[in-house]
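Single-letter residue listing:
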Amino acid sequence: MKVLVYGSGGREHALSWKLAQSPSISEVLVTPGNPGIALEPKIRCLPAADFPALAALCRAERVDFVVVGPDQALADGLVDFLDREGIPAFGPVQAAARIEWSKAFSKELMQAEGIPTARFEIFSDLAAAQAFLSAVDWGDGWVIKADGLALGKGVVVCESREQALATVQDFLEGGAMGASGKTVVVEERLLGREVSAFSICDGTRAVFLGFACDYKRLEDGDRGPNTGGMGAFSPADWLPEGTAARVQEEVNLPLLRALKKRGTPYKGILFSGLMITKDGPKVIEFNARLGDPETQVLLPLLDEDLLPWLQAAQRGALQELPATGPRLKALAGVHVVTAAAGYPGTGGAVVRKGDAIHLPEALLPREGAPLEQKLFFAGVAKNEKGFVTNGGRVLGVTALAATRAEAREKAYALTRGIEIAGAQRRGDVGR
Ligand code: AMP
Ligand code: GLY
């Protein structure tokens, strides 16, 4: 088979690398990919200007199956488009991906179905939002969220009522989040520890791919601005006993039933962002895709071929495979991101491009490279001098080992070999 992965980041590097290990796959195409992914054996990167060009590319290259990585493409209806073109594609259709691209929709759905989540109200009118914030006190603070996609930047956790009032004003009146912020969700702040549950869904059934913890803030000790994610580890070894079963029964299956009932069955990866509170797991948000950088730690931990799972889910036939989900290695994984100077570009900072990247030869993709340590390429370009930075998160290193502490040591030892002027990374991933 020939498979095409759509996207260009570290997540798509991990997806294409994992799929290229499948004995059923002769070649993986990545559109557009990046110059680091292009070094992988069995992988080729090709551009496509738009969805029709992508369909034409799939036909010309005789692609059998497409896997869509990023949220924006799902929100734009790429899977619907490929369905109409008769090209099998893995990922939710636009109307099902709405659980991610509209936070207001997702909250109302959870409320209607009794899925545990933070209390909330939805506003498009500033005066109404202000009146509400002035009248109600949920105790632990407020969280203000832009309704639409915002690259992880549309959420403000507020410590005080003043901050909450200022934030709704920024979003609704100041246009701080553009069209994404024209509707806001005002939410109760939940206390607890965060974890993300990743499941493969076929419209009716869900099997776990794994649980991972992400490092969202830029700096050590969870300080600094929110980012797309500066590192991750898996498994979530601290989870209370029985959490997976509760998430399946209280969150994932009710969501699948609800979307099926509404005529938009959910096929694809379900990313349930959870807070483990003293009352059990509560949903912070749903995403309609794999996480970045969580994928870079989840997929190396998979102890079997990913392709049969994605195909079965796309066909609505997960019952053909074990209900326990794909087999995982009995190892721990830690992933450490190296980001460019200026990332994430908040507070007037500019994310710098064009810095030279110096890498140890041993980290580059090659035939027969070890599967327990892996460099993934994200915001990189190549010029006559070699690799240079070309985006926020530039590179990430994953290491697997018997314990999280060992995986962490190994990941940092490898990461220290990477040199980029002004690069930023956290020192406490996996601690
Ligand atoms: P989201 O984009 O919805 O994942 O939100 C980004 C981050 O904001 C989450 O990872 C949490 O750390 C935080 N957050 C969002 N909603 C809440 C909430 N209701 N209570 C506490 N923290 C939250
Ligand atoms: N790392 C979080 C995300 O992919 O949304």
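Everything numeric here is computed off the predicted structure, so don't read it as measured data.

What should I look at first to understand unusual backbone geometry in this one?
Note: most residues except glycine have negative phi, and most peptide bonds are trans. For the bond from S234 to P235, the omega torsion is -5 degrees, close enough to zero to count as cis. Along the chain, P235 turns up in the loop between β14 (231-234) and α9 (243-261). For D222, which is not glycine, the phi dihedral falls at a positive 55 degrees. Here D222 lies in the loop between β12 (217-219) and β13 (223-226).

Quick question: what am I supposed to make of the site of ligand 2 here?
Looking at ligand 2, the residues that line it are D214, G228, F271, N287, R289, G291, D292, P293 and E294. The contact in question runs from a nitrogen atom of ligand 2 to an N or O atom on the backbone of G228, over 2.9 Å. E294 is positioned with one of its side-chain polar atoms (N or O) 2.9 Å from a nitrogen atom of ligand 2. About the coverage of ligand 2: the protein hides 89% of its 200 Å² of free accessible area. Partitioned by chemical class, the residues of the shell around ligand 2 number two nonpolar, three polar and four charged.

Would you take a moment to explain the sheet that holds strand β7 (residues 142-146) for this structure?
The sheet built from four strands is open, its strands ordered β6-β9-β7-β8 with antiparallel pairing. Both outer strands of the open sheet, β6 (120-123) and β8 (155-158), are each paired with one neighbouring strand and no more. Mean inter-strand twist for the sheet, computed between neighbouring axes without regard to direction, equals 15 degrees. Here five bridges tie β7 to strand β9 (residues 184-188), and the two strands are oriented antiparallel to one another. Bridge assignment links V143 to a residue of β9, and that residue is E187. Packing of helix α7 (residues 126-135) onto the sheet brings it into contact with β6, β7 and β9, and relative to β6 it is tilted by some 155 degrees.

Just checking my understanding: could you explain the pattern of salt bridges for this structure?
Two side chains that carry opposite charge are able to pair once their charged atoms sit near each other. Under the criterion given, the structure shown has 29 salt bridges. The residue K2 makes a salt bridge to E27 at a minimum N-O spacing of 3.7 Å. Of this pair, K2 sits in strand β1 (residues 2-7) while E27 sits in strand β2 (residues 27-32), and the two are 25 residues apart along the sequence. As far as the burial class goes, K2 and E27 line up, both buried. In this structure, D279 and K278 form a salt bridge, with 3.9 Å as the shortest nitrogen-oxygen distance.

Help me understand the side chain of T264, please; the structure alone is not making it clear to me.
With respect to the helices and strands, T264 occurs in the loop between α9 and β15 (267-277). For T264, the residues in contact, after removing those within four places along its chain, are A95, A96 and L259.

The rules behind each value
- Per chain, residues are indexed from 1 in the order of the written sequence.
- Starting at A for chains and at 1 for ligands, labels are handed out in the order in which the entities are written.
- Local features in a predicted model are, by the rule used here, given only for residues with pLDDT of at least 70; side-chain atom pairs are given and counted only at 80 or more, and totals for whole chains, interfaces and linings are based on all residues.
- Hydrogen atoms and water are omitted, and side-chain values are computed over all heavy atoms in the structure.
- Helix numbers and strand numbers start at the N terminus; a helix is a DSSP run of H or I with at least 4 residues, a strand a run of E with at least 2.
- Whether a residue is near a molecule or strand depends on its heavy atoms: it is near if one of them lies within 4 Å of it.
- Definition of a polar contact: a pair of N or O atoms within 3.5 Å, with one able to donate and the other able to accept a hydrogen when the atoms are protein atoms, and with sequence-neighbouring residues admitted only if both atoms are side-chain atoms.
- Working definition of accessibility: Shrake-Rupley area with a 1.4 Å probe, residue cover restricted to the visible protein chains.
- Throughout, the ten residues Ala, Val, Leu, Ile, Met, Phe, Trp, Tyr, Cys and Pro are labelled nonpolar, Asp, Glu, Lys and Arg are labelled charged, and all others, Gly among them, are labelled polar.
- When DSSP finds two or more bridges between two strands, those strands count as paired.
- To define axes, lines are fitted to C-alpha atoms, for helices over the stretch in contact only, and angles between the resulting N-to-C directions are given on a 0 to 180 degree scale.
- Only heavy atoms enter the contact rule, under which two residues are in contact if any of them lie within 4.5 Å.
- Salt bridges, as used here, are contacts in which a Lys or Arg side-chain nitrogen is within 4 Å of a carboxyl oxygen on Asp or Glu.
- Each residue gets one of three labels from its accessible area relative to the maximum for its type: buried under 20%, exposed over 50%, partly exposed in between, using a 1.4 Å probe on protein chains only.

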